[in-house]
Amino acid sequence: MMVMKTEVVKGQMLLTGRERGTTLIEVLILMMLIAVVSAVIIPSFGGLKDSIMVNTYQRKIDRYFNIIRRSAVNSGQEETINLGRNNISCNLSNGESLKLDFADENILTLEYEEKQIIFYPDGTSSGGEILLVFNKKERYYFQINSITGETGWYEP
């Protein structure tokens, strides 16, 4: 730490020189401390980014299914969702076509038993479960309740 020697002359403070400079050991200790803190903090940002991406995909899928369920209830007609490995699509009864496409994303795949999920006008559904695989390792399950038609996520 650098401390300057001062003199007071007629009410003004004048710098007259350095009393003591920073030693090499102090600089090395500071650099090591910065390196240790960086080594701890930087990897956690990678995990944060992945977590944000997973949450984004989950919200998109959840919102998509809720829109289609509401459409079935409001139109009084069945709405069918078609599941692909990297996409989810639906041609609504009002002629509108909805599609969630994950083909550009190498980090996400969908796995499921049923190729279609149907939402009925009374709010119920055919039910089912979709497995979202993120980065070929993290697995999240999206479940569609057949009685209530409600959706939700859970981790195994």
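Data block above holds the structure.
Residues numbered from 1 in each chain as written. Predicted model: local features only at pLDDT ≥ 70, side-chain atom pairs only at ≥ 80, totals over all residues. Heavy atoms only, no water.

1. A few points about the sheet that holds strand S7 (residues 116-119)
Read from one edge of the open sheet, four strands run S5-S4-S3-S7, paired in antiparallel fashion. Each edge of the open sheet carries a strand with a single partner, namely strand S5 (97-101) and S7. With direction set aside, neighbouring strand axes in the sheet form an average angle of 15 degrees. Bridge count for strand S3 (residues 79-83) against S7 is four bridges, and the pairing is antiparallel. Its bridge partner being in S7, isoleucine 81 is matched across the sheet by isoleucine 117. (Pairing = 2+ DSSP bridges. Helix = DSSP H or I, 4+ residues; strand = E, 2+ residues; numbered from the N terminus. Axes fitted to C-alpha atoms, helices over the stretch in contact; angles between N-to-C directions.)

2. Re the nonpolar core
Among the nonpolar cores identified, the biggest contains 24 residues, and Ile61, Tyr64, Phe65, Ile81 and Ile88 are the most heavily contacted of them. Going through the elements one at a time, helix H1 (24-75), S3, strand S4 (87-91), S5, S7, strand S8 (128-134) and strand S9 (138-144) are the ones with two or more residues in this core. Counting residues per element, this core draws most heavily on H1, which supplies seven residues. Setting aside its immediate chain neighbours within four residues, isoleucine 81 contacts Tyr64, Phe65, Ile68, Ile88, Ser89, Cys90, Lys115, Gln116, Ile117 and Phe119. (Core = buried A, V, L, I, M, F, W, Y, C linked by side-chain atoms within 4.5 Å. Buried < 20%, exposed > 50% of the residue type's maximum accessible area, 1.4 Å probe, protein only. Contact = heavy atoms within 4.5 Å.)

3. Quick notes on the packing of aromatic side chains
Inspection of the entire model under this criterion finds five aromatic pairs. Here the aromatic rings of phenylalanine 65 and phenylalanine 119 are separated by 6.2 Å at their centres, their planes lie at 70 degrees, and the arrangement is edge-to-face. Highlighted residues: phenylalanine 65 in helix H1 and phenylalanine 119 in strand S7, separated in sequence by 54 residues. Judged by its relative accessible area of 0%, phenylalanine 65 falls in the buried class. In textbook terms, an aromatic cluster arises when at least three aromatic residues are bridged by ring pairs, as seen for Tyr64, Phe65, Phe119, Phe142 and Trp153. (Phe/Tyr/Trp six-rings, centres within 6.5 Å; stacked < 30°, edge-to-face > 60°.)

4. Observations regarding the environment of asparagine 94
In this structure, asparagine 94 sits in the loop between S4 and S5. Sequence separation between asparagine 94 and glutamine 77 is 17 residues; the distance between their C-alpha atoms is 9.6 Å.

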